[in-house]
Structure formats: C-alpha cells, structure tokens
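Fold and contact review
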Amino acid sequence: MIAPCMALPAIEIRVDDLAFYEGEAIARPVNAMLGATTPVMRKLERAAGDEFARTVRVSEPMPVGSAVVTSAGDLQVELLIHGVVSSDEEPVSRATVRQAMVSAMQRALAFQIRELAVAPFGLGAGNLDIEDSADVMIAVLTDHLRRSSYPERVVIIAETEMEEQVLRSRVAQL
C-alpha cells in the first residue's frame, strides 16, 4: 500500500525496488569511489547498465559527506545523486550519513528536482542499523523540506517491511 506519511505529506515511505522506480531522480549512498555500499545498491548499478558504470568512475576518492549528480544510465529516472557515506579511512557513522544526506538534498535543490526517491543511507554489514539511519535521514529530510522548495516530494524506498515500519515510526514521532 502506498500512503503518504501524515506528519509530513511531502515524505512517502514504501517497500519497492529502486531499479524500477519511475521519477526524476534517485539519491543513493555510495563509498568515496562512488561504488555501491550494499547488495541493493549493486543491483541498482547493474540495472543502470554498462555505460553508467563507465561514466560513474572517478580517479580520486570523493570527500566523505559530499554528493555528486550523474546521469542514471538505463534506469527510469534522469539523474542519480550519489551521497558519499564512507571511505577507506572513514567508516559509515551517523555524522557521515547526515552530511551525505544534507549534500544530496542540496543537489536536489540545485537541480530543482521535484520528486526524489531515496534509499536508506548508511545500512549494510558493519554500518548503521535501520533505527540510526532512519533517525538521521528523517531529521535531515524534514529540516530540508521545511526550508526549501525542492524537492517537493521525497519517496523513501525501503527494502523490507521492517525498514518501512521503522522509517514510518520515525516520521510519526514528528
């Protein structure tokens, strides 16, 4: 069931497959070399195609907390926003997730993206649990949406119903 969260109508949370999301853009967590941080993000990269894989390569690591916009390859969106949550020297933390989310939202504003799908940032083996990720993400999103005109709507795409429930509970606490 797709239903907007009542606490902040601009945020929708649902379980879905990001690789099939149709909209303007997707924000995803990446490492400093713009690589996937979870199996779900690797699946998204594969769905974006070979040309995307060639264009997203960087020669130097990106700073943790930064975000960059690229084309989305074969995905059904125009753009991908890559938020850097970790590097070889700096592991995922609440602080790196917060800064990567802030940077990603700044890119969405700069590109005037009306609807943005967002994958949970900071998840994966040895990283944040969904509760910590949700706390940081929802705080950043609500702050940004209250102050900015873009994006008008954010769709958080959870991988599991448990993730969806945690994200919804964080929004409901607002």
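Residues numbered from 1 in each chain as written. Predicted model: local features only at pLDDT ≥ 70, side-chain atom pairs only at ≥ 80, totals over all residues. Heavy atoms only, no water.

If you tally the helices and strands in the protein chain, you get 5 helices and 6 strands. Traced from its N-terminal end to its C-terminal end, the protein chain shows the element sequence β-β-α-α-β-β-α-β-α-β-α. Against the compact-globule benchmark of 16 Å for 174 residues, the protein chain has a radius of gyration of 15 Å, which places it among compact chains. Split into buried and exposed, the 174 residues of the protein chain put 50% on the buried side. Across the protein chain, the fraction of contacts at a sequence separation of at least 24, relative to all contacts at a separation of at least 6, is 70%. Carbon and sulfur atoms form 50% of the exposed surface of the protein chain, whose accessible area is close to 8,300 Å². (Helix = DSSP H or I, 4+ residues; strand = E, 2+ residues; numbered from the N terminus. Rg over C-alpha atoms; globule rule 2.2 N^0.38 Å. Buried < 20%, exposed > 50% of the residue type's maximum accessible area, 1.4 Å probe, protein only. Contact = heavy atoms within 4.5 Å. Areas by Shrake-Rupley, 256 points an atom, 1.4 Å probe, with all protein chains shown as cover.)

When you line up the elements, Arg 28 lands in strand S2 (residues 25–31). A residue is classified by how much of its surface remains accessible, and Arg 28, at 0% relative accessible area, is buried. From its side chain, Arg 28 meets the backbone oxygen of Leu 34 in a polar contact 3.0 Å long. Setting aside its immediate chain neighbours within four residues, Arg 28 contacts Leu 34, Ala 36, Met 41, Leu 44, Glu 45, Phe 52, Leu 80, Ile 81, His 82, Gly 83 and Phe 121. (Polar contact = N/O pair within 3.5 Å; in protein donor to acceptor, adjacent residues only side chain to side chain.)

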